[in-house]
Amino acid sequence: MEDYHKPDQQTLLALKDTANRLRINSIKATSAAGSGHPTSCCSAAEIMSVLFFHTMRYKPQDPRHPSNDRFILSKGHAAPILYAVWAEAGFIQEPELLKLRKIDSILEGHPVPKQAFTDVATGSLGQGLGAACGMAYTGKYFDKASYRVYCMLGDGELSEGSVWEAMAFAGFYKLDNLTAILDINRLGQSDPAPLQHNVETYQKRCESFGWHAIIVDGHSVEELCKAFGQTKHQPTAIIAKTFKGKGITGVEDKENWHGKPLPKDMAEQIIEEIIGKIQNKKKLSPMLPQDDAPVVNIKNIKMPSPPNYKIGNKFATRKAYGVALAKLGQACNRVVALDGDTKNSTFSELFKKEHPSRFIECYIAEQNMVSVAVGCASRDRNIVFASTFATFFTRAYDQIRMAAISESNINLCGSHCGVSIGEDGPSQMGLEDLSLFRAIPNSTVFYPSDAVATEKAVELAANRKGICFIRTSRPENSVIYDSGEDFQVGHAKVVFKSKEDQVTVIGAGVTLHEAIAAAEQLKKDKIFIRIIDPFTIKPLDSETILKNTKETKGRLITVEDHYPEGGIGEAVCAALIGEPGIVVRRLAVSHVPRSGKPNELLKLFGIDKDAIIQAVKAMVSKSRNAE
């Protein structure tokens, strides 16, 4: 209990009164909305009161000040009590609480970053602690500042594996500036939580992951003050035994009240009861933080030198990614790289070698890696790149989806895309990744086809808002661009062009090189094709594609190392929909592949140079016959 100074009785009373005001405002807000989770709020009232008005240090009129303590409400459905806290602190006007969940209010059903006091969106359970880990890691190892990070979780979400990935991460990296508060209110949405009030088991689990775990009565402000006052050289878990619906007569600790506002008459009666427990209207003010977080500028980051590749040399884009990342790290000391124990395959190890203190090994826990990346990038503290095999991002898709809702600017690199990885087989082949990332709102999807384009993609991603995905390949392919070539998001490259072109072919990555090889072969038969490298699949340069397709008599072939659903072919077709006189032939990986040599697999699935030649000849022949 070192560093703990027991609050005086007046302070303890004020904290109890504050908790009850938070209950009242949570009930009022959800009743006005006609929806929401008042019982989930009420179990956390004392926790939020002590945390925001006794423990945390922050500037209430400047919620995103870099030196403020951070808070993540992982149990995002309890958003009304978070809003009530900020009303109690004076940042929100109390009448605004009654607009909860209304179309014209920023107080949405779950926390979102349009609220200045919300760093990351929550609501899909099990993700808040991972983001808190990223914030805490940044605070301890990059900012080297005194701010602390707090994350409140519900017991229902403790069934999520991603929570325990985050627990392992925090324990391993000894994030002693991180506190997780587990609101053990016993009841889930449709059933009791599996452990109900067996708080000792939660304690043992947390301790096994390297945390200092404390069991408290979650409705005792004194016990909470004491627990928050403890400091150890490890992360802290406060396991708070609470009751769902605490303070609501007839509802407290009862099932079937999850996500249900109180009926109007009942709400009025309960509010009167709770008002009767409040002894003082005096409001507490939070302590102010130490202003010791460094000033950070991560705008307009430029590579220190142009790409150092010669046309014709062979270089894998996955390795070019690692080279580019290491170079970018020289340009800005806030470039941070994460990986999931694949750094010798994604080549992020090149960054680690040059900038070891800014590399975070997340091990084989891709969901947590994405959440940590989001936390690291919050409040614009770092430029964050995270890498693994493209296919392994699929298991973190919910985290990526929530990152977009969080308006995060993380950059993800997926290597080993497509059947071109060869013998490892389908479990390692990214064949859905383009469709997944294209579906993410405000995302940018880079698909560089040589080392120069890869380096440019890394630089562009570092300066771009939203989720960026860079798709890299395993095979070594020839450098086709000069080091001075200019690349821009949404601008395609016309790689081959002549006045005699009869068909336009779009390829990317390995299939672009197959298309180039096909063009050389077709020349011998006096058949000329135009080749387009899209560079970004989203946004797609539909103007360039349409213009060139029209110049080749409306004949277009797309070829991709990806399943047909949601890939390049579908993106192109969507861009050209409604355009008359255009015929599109799509070549893609048609079904689940198998192990084999890369060239064998490209041939087997009809996306190699021979397949392109055959498709071009068939299209030209069909057109001639039609004439």
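Rules of the game
- Residues numbered from 1 in each chain as written.
- Predicted model: local features only at pLDDT ≥ 70, side-chain atom pairs only at ≥ 80, totals over all residues.
- Heavy atoms only, no water.
- Helix = DSSP H or I, 4+ residues; strand = E, 2+ residues; numbered from the N terminus.
- Rg over C-alpha atoms; globule rule 2.2 N^0.38 Å.
- Buried < 20%, exposed > 50% of the residue type's maximum accessible area, 1.4 Å probe, protein only.
- Contact = heavy atoms within 4.5 Å.
- Lys, Arg positive; Asp, Glu negative; His and termini not counted.
- Charge placed at Lys NZ, Arg CZ, Asp CG, Glu CD.
- Domains from an automatic or database assignment.
- Buried area = accessible area lost by both parts, 1.4 Å probe.
- Salt bridge = Lys/Arg side-chain N within 4 Å of Asp/Glu carboxyl O.
- Core = buried A, V, L, I, M, F, W, Y, C linked by side-chain atoms within 4.5 Å.
- Pairing = 2+ DSSP bridges.
- Axes fitted to C-alpha atoms, helices over the stretch in contact; angles between N-to-C directions.
- Parallel < 35°, antiparallel > 145°, perpendicular 65-115°, else oblique.
- Left-handed = near helix turned anticlockwise from the far one by under 90°.
- Phe/Tyr/Trp six-rings, centres within 6.5 Å; stacked < 30°, edge-to-face > 60°.
- Expected span 1.5 Å × (residues − 1).
- UniProt positions renumbered as here; feature names shortened; annotations may be inferred.

A short note on the overall build of the chain
- The number of helices and strands found in the chain is 21 helices and 19 strands.
- The globule rule puts the C-alpha radius of gyration for 627 residues at 25 Å, and the 28 Å found for the chain is close to it.
- For the chain, the spread of C-alpha atoms along the principal axes amounts to about 90 × 50 × 40 Å.
- Counting only residues that meet the buried cut, the chain has 60% of its 627 residues in that class.
- Contacts in the chain between residues far apart in sequence, at least 24 positions, make up 78% of those at least 6 positions apart.
- One way to put it: in the chain the 76 positive side-chain charges average out to a point 3 Å from where the 73 negative ones average out.

Quick notes on the domain arrangement of the chain
- For the chain, the assigned domains read domain 1 (12–276), domain 2 (313–479) and domain 3 (493–624).
- Centre-to-centre separation of domain 1 and domain 2, based on C-alpha positions: 32 Å.
- In this complex, domain 1 contributes 32 residues to the contact, which on the side of domain 2 involves 29 residues.
- Both faces considered, domain 1 and domain 2 share a buried interface measuring about 2,300 Å² in area, 53% of it formed by carbon and sulfur atoms.
- The tally of links from domain 1 across to domain 2 stands at 3 salt bridges.

Let's talk about the nonpolar core
- By size, the foremost hydrophobic cluster in this structure holds 78 residues, and its most contacted members are Leu129, Leu178 and Leu338.
- Among the elements that take part in this core, helix 5 (residues 128–142) stands out by supplying 8 residues, more than any other.
- Ignoring any residue separated from it by four or fewer positions in sequence, one finds Leu178 in contact with Leu129, Ala132, Cys133, Ala136, Arg148, Val149, Ala170, Trp211, Pro235 and Thr236.

Points about the sheet that holds strand 14 (residues 493–496)
- Ordered by their spatial adjacency, 5 strands build an open sheet running 14-16-15-18-19, and the pairing between neighbours is mixed. Single-partner strands in this sheet number two, and they are strand 14 and strand 19 (583–587). With direction set aside, neighbouring strand axes in the sheet form an average angle of 25 degrees.
- In this structure, strand 15 (residues 503–507) lies alongside strand 18 (residues 555–559), joined through 4 bridges in parallel fashion. Each residue of the ladder has a partner; that of Gly507, found in strand 18, is Val559.
- The sheet strands contacting helix 17 (residues 510–523) are strand 14, strand 15, strand 16 (529–533) and strand 18, and the helix crosses strand 16 at an angle near 165 degrees.

Some remarks on the packing of helix 10 (residues 317–331) against helix 16 (residues 451–462)
- Orientation of helix 10 relative to helix 16, taken along the N-to-C sense of each, is 45 degrees, at an axis distance of 8 Å. When the axes of helix 10 and helix 16 are compared, the pair comes out oblique. As helix 10 packs across helix 16, the resulting crossing turns out to be right-handed. Of the residues in helix 16, those touching helix 10 at Thr317, Ala320, Tyr321, Ala324, Leu325, Lys327 and Leu328 are Ala451, Thr454, Glu455, Val458 and Ala462.

Thoughts on the environment of Ile405
- Tracing the sequence through the fold places Ile405 in helix 14 (residues 397–405).
- Ile405 sits 294 residues away from Pro111 along the chain, and the two C-alpha atoms are 10.0 Å apart.
- Setting aside chain neighbours within four positions, we find Ile405 in contact with Val112, Pro113 and Ala121.

A short note on the side chain of Gln127
- Looking at where Gln127 falls in the secondary structure, it is placed in the loop between helix 4 (79–88) and helix 5.
- Ignoring any residue separated from it by four or fewer positions in sequence, one finds Gln127 in contact with Ser74, Glu157, Ser162, Ser371, Asp398, Gln399 and Met402.

Focus on the pattern of salt bridges
- This model, assessed by the stated rule, comprises 31 salt bridges.
- Among the salt bridges present, the one from Glu485 reaches Lys493, with a minimum N-O distance of 2.8 Å.
- For Lys603, the salt bridge identified is with Asp610, shortest N-O distance 2.7 Å.
- By sharing partners, the salt bridges in this structure join Arg21, Glu88, Glu94 and Lys283 into a single network.

A look at the packing of aromatic side chains
- A complete count under the given rule lists 25 aromatic pairs for this structure.
- Residues Phe52 and Tyr58 carry aromatic rings whose centres are separated by 5.8 Å and whose planes lie at 80 degrees to one another, so their mutual orientation is edge-to-face.
- For Tyr58, a relative accessible area of 1% puts it in the buried group.
- Note on Trp86 and Phe91: the rings are 5.9 Å apart at their centroids and 75 degrees apart in plane angle, and the pair reads as edge-to-face.

Considerations on helix 18 (residues 542–551)
- Looking at helix 18, one finds that the buried residues are Thr544, Ile545, Leu546, Asn548 and Thr549.
- Against strand 14, strand 15, strand 16, strand 18 and helix 19 (568–576) lie the buried residues of helix 18.
- Trailing helix 18 by a residue or two, Lys553 shows a phi angle of about 60 degrees, which is positive.

With respect to helix 5
- Helix length check: helix 5, at 15 residues, gives a terminal C-alpha distance of 20 Å against a target of 21 Å (1.5 Å per residue), a fit within 8%.
- In terms of burial, helix 5 is a largely internal element, 13 of the 15 residues being buried.
- Positioned one or two residues after helix 5, Lys144 has a phi angle of 50 degrees, which is positive.

Brief notes about the sheet that holds strand 8 (residues 359–361)
- The strand order across the open sheet formed by 7 strands is 8-7-9-10-12-11-17, and the pairing between neighbours is mixed. Here the strands that pair on one side only, and so sit at the sheet edges, are strand 8 and strand 17 (536–538). Here the strands of the sheet are splayed against their neighbours by 20 degrees on average, with no regard to which way each runs.
- In this structure, strand 7 (residues 335–339) lies alongside strand 9 (residues 383–389), joined through 5 bridges in parallel fashion.

Brief notes about the UniProt feature "domain: Transketolase-like pyrimidine-binding" (unreviewed entry) in the chain
- Here, UniProt's "domain: Transketolase-like pyrimidine-binding" (unreviewed entry) annotation points to residues 315–479.
- Here residues 315–479 is 39% helix and 19% strand, with 7 Å between the C-alpha atoms at its ends.

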